[in-house]
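# Chains, contacts and geometry: an overview
Each chain is listed here by its residues.
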Amino acid sequence: MQPVEIVVVGSYNRDVVLSVAQLPAPGETCLALGRLTAPGGKGSNQAVQAARAGARVAMLAAVGDDLHADEALATWTACGIDVSGVARLAGRDTGMAVVMVDARGENSIIVDAGANTHLDAAHVEAAAGLVGGAKLVVAQLETPVAATRRAFEIARAAGVTTLLNAAPAPDAISDDLLAVTDILVVNEGEGQRLTGASHAHAIGPALLQRVGQAAIVTLGAQGAVLFQGEAEPAARGAHRVEVVDTTGAGDAFIGAFAARLAATGDAGAALAWGLAAGALACTRLGATDSFAEAAAIAALAEA
Ligand code: RIB
């Protein structure tokens, strides 16, 4: 078997996606127009998209001992994702998210993290061989930072590139996590919260100073900007698509970016794949179900 290229340290949530005409105001009850239950969680979404984009992927995650855990494992296995680093925790509930999507495709999400909060550094240690043998380790902020930091330390010691997606938006990221982060990806809101700056061209340089290689600021319908070393910022526009649901579009960006980066080592080419996959993910309801395969991503990225 060929070695794993990307290890994702991250969350799994069972998503309950409710379509509504308008997101409810505080105190308001509204009726849903439709419902979809599907695999989700930022870590799982990014792993699934990276696998669909052609990478060999392993998942380091914690799920409960319920039916949702069976669905998680079935989802990953169907995509060819290595699940040897997934812990099934007795007496815990698998993570769950309630996602509300309005008529414009905008969403609000509530996550009940469940088993995700029990992913720890010891768990990562047990999978040190996978982490140290990969090309890229990818993490988000829906699982404990101690586990991510340990994974990044192992990766750094083995010369493996580390990518942190600072989502959900944190108020701060500790210096010791950023010290072992090579590539940091934020959206504009997350970047504003972390730096106090209000524009991508101020956010990017401020973040680039704190990480090893590159910072990327994603801008939704405006595309994304890559800040890398001494090079001029590389801005790329988004593809115009008919938006059904933006849920998971950011995860699709990261997953496809990671897959292309692992395959080519070229962050510029990877940015194009990320934007194409993000746009395609907006054209269908839900997260995992909306993620495209490599051929469709390549066709749009190179159009
Ligand atoms: O980024 C989208 C994801 O955020 C959803 O799948 C939901 O589970 C939450 O983690």
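Heads up: these notes are all about the structure in this document. Just so you know, these numbers come straight off a predicted model, no measurement behind them.

About the cut-offs
Residues numbered from 1 in each chain as written. Predicted model: local features only at pLDDT ≥ 70, side-chain atom pairs only at ≥ 80, totals over all residues. Heavy atoms only, no water. Helix = DSSP H or I, 4+ residues; strand = E, 2+ residues; numbered from the N terminus. Rg over C-alpha atoms; globule rule 2.2 N^0.38 Å. Buried < 20%, exposed > 50% of the residue type's maximum accessible area, 1.4 Å probe, protein only. Contact = heavy atoms within 4.5 Å. Areas by Shrake-Rupley, 256 points an atom, 1.4 Å probe, with all protein chains shown as cover. Lys, Arg positive; Asp, Glu negative; His and termini not counted. Charge placed at Lys NZ, Arg CZ, Asp CG, Glu CD. Salt bridge = Lys/Arg side-chain N within 4 Å of Asp/Glu carboxyl O. Near = heavy atom within 4 Å. Polar contact = N/O pair within 3.5 Å; in protein donor to acceptor, adjacent residues only side chain to side chain. Nonpolar A, V, L, I, M, F, W, Y, C, P; charged D, E, K, R; others polar. Core = buried A, V, L, I, M, F, W, Y, C linked by side-chain atoms within 4.5 Å. Pairing = 2+ DSSP bridges. Axes fitted to C-alpha atoms, helices over the stretch in contact; angles between N-to-C directions. Right-handed = clockwise from strand over helix to strand, strands pointing away.

A count of helices and strands for the chain gives 11 helices and 13 strands. The C-alpha atoms of the chain give a radius of gyration of 18 Å, which matches the 19 Å a tight globule of 303 residues would have. Here the C-alpha coordinates of the chain stretch approximately 50 × 45 × 40 Å along the principal axes. Across the 303 residues that make up the chain, the buried fraction comes to 51%. Contacts in the chain between residues at least 24 apart in sequence constitute 67% of all its contacts with a sequence separation of at least 6. Here the chain has roughly 12600 Å² of accessible surface; of this, 52% comes from carbon and sulfur atoms. Of the side-chain charges in the chain, 18 are positive and 31 negative, and the distance between the mean point of each set is 3 Å.

Now for the pattern of salt bridges. Applying the stated criterion to the full structure yields 12 salt bridges. Across the pair arginine 14 and glutamate 71 runs a salt bridge, and its minimum N-O distance is 3.2 Å. With arginine 14 in strand 2 (residues 13-19) and glutamate 71 in helix 2 (residues 67-78), this residue pair connects regions lying 57 residues apart in the sequence. The exposure class assigned to arginine 14 is buried, which follows from its relative accessible area of 11%. Judged by its relative accessible area of 30%, glutamate 71 is partly exposed. Note that aspartate 171 and arginine 193 form a salt bridge whose closest N and O atoms lie 2.8 Å from each other. Linking aspartate 171 in the loop between strand 9 (161-165) and helix 6 (175-178) with arginine 193 in helix 7 (residues 188-195), this pair joins segments that are 22 residues apart in sequence. Arginine 193 gets classed as partly exposed once you look at its relative accessible area, which sits at 44%.

Taken together, Asn13, Asp15, Gly40, Gly41, Lys42, Asn45, Ala97, Ile109, Val111, Glu142, Gly248 and Asp251 make up all the residues around the ligand. Taking asparagine 45, its side chain carries an N or O atom lying 3.0 Å from an oxygen atom of the ligand. In this structure, an oxygen atom belonging to the ligand sits 2.7 Å away from a side-chain N or O atom of aspartate 251. Surface burial for the ligand is 96%, taken as the share of its 280 Å² of free accessible area covered by protein chains. Of all elements in the fold, only strand 2, helix 1 (42-52) and strand 7 (107-112) reach the threshold of two or more residues within the shell around the ligand. Split into classes, the residues belonging to the shell around the ligand amount to 3 nonpolar, 5 polar and 4 charged.

Time to look at the nonpolar core. Counting residues in each nonpolar core, the largest one holds 52 residues, and the members touching the most others are Ile6, Val57, Trp76, Ile216 and Phe253. When residues no more than four places from it in sequence are discounted, the contact partners of phenylalanine 253 are Val185, Ile216, Thr218, Ala224, Leu271, Gly274, Leu275 and Gly278. Grouped together as the second largest cluster of nonpolar side chains are 38 residues, Val9, Ala147, Ile173 and Leu194 included.

Spatially, 9 strands are ordered 5-4-1-8-9-10-11-12-13 in an open sheet, and the strand pairing comes out mixed. Looking at strand neighbours, the two that pair on one side only are strand 5 (82-88) and strand 13 (234-236), the edges of this open sheet. On average, adjacent strands in this sheet sit at an angle of 15° to one another, irrespective of strand direction. In the packing of helix 8 (residues 200-208) onto the sheet, the strands contacted are strand 10 (183-187), strand 11 (214-218) and strand 12 (224-228), and the crossing angle to strand 12 comes to about 35°. With respect to the sheet, helix 10 (residues 267-281) is in contact with strand 11, strand 12 and strand 13, its orientation differing from that of strand 12 by roughly 160°.

On to the pairing of strand 4 (residues 57-63), then. Among the 7 residues that make up strand 4, 7 are buried, leaving the element largely enclosed by the rest of the structure. Covered by surrounding structure in strand 4 are Val57, Met59, Ala61 and Val63 together with Ala58, Leu60 and Ala62, the residues of both alternating faces. As paired strands, strand 1 (residues 6-9) and strand 4 are joined by 4 bridges and run parallel to one another. Residue valine 9 lies in a different strand from strand 4, and its bridge partner there is leucine 60. Where strand 4 meets strand 5, 5 bridges bridge the pair, whose relative direction is parallel. Pairing of leucine 60 across the sheet is with glycine 85, part of strand 5. Traced from strand 4 through helix 2 to strand 5, the parallel crossover comes out right-handed.

With respect to the element layout, aspartate 245 can be found in the loop between strand 13 and helix 9 (249-264). It turns out aspartate 245 is buried and unbridged, and the closest side chain with the opposite charge, arginine 284, is 9.8 Å from it. Within the structure, aspartate 245 has its side chain in polar contact with the backbone nitrogen of glycine 286 (distance 2.8 Å). Setting aside residues no more than four positions away along its own chain, aspartate 245 makes contact with Val17, Val101, Gly105, Asn107, Ala281, Cys282, Arg284, Leu285 and Gly286.

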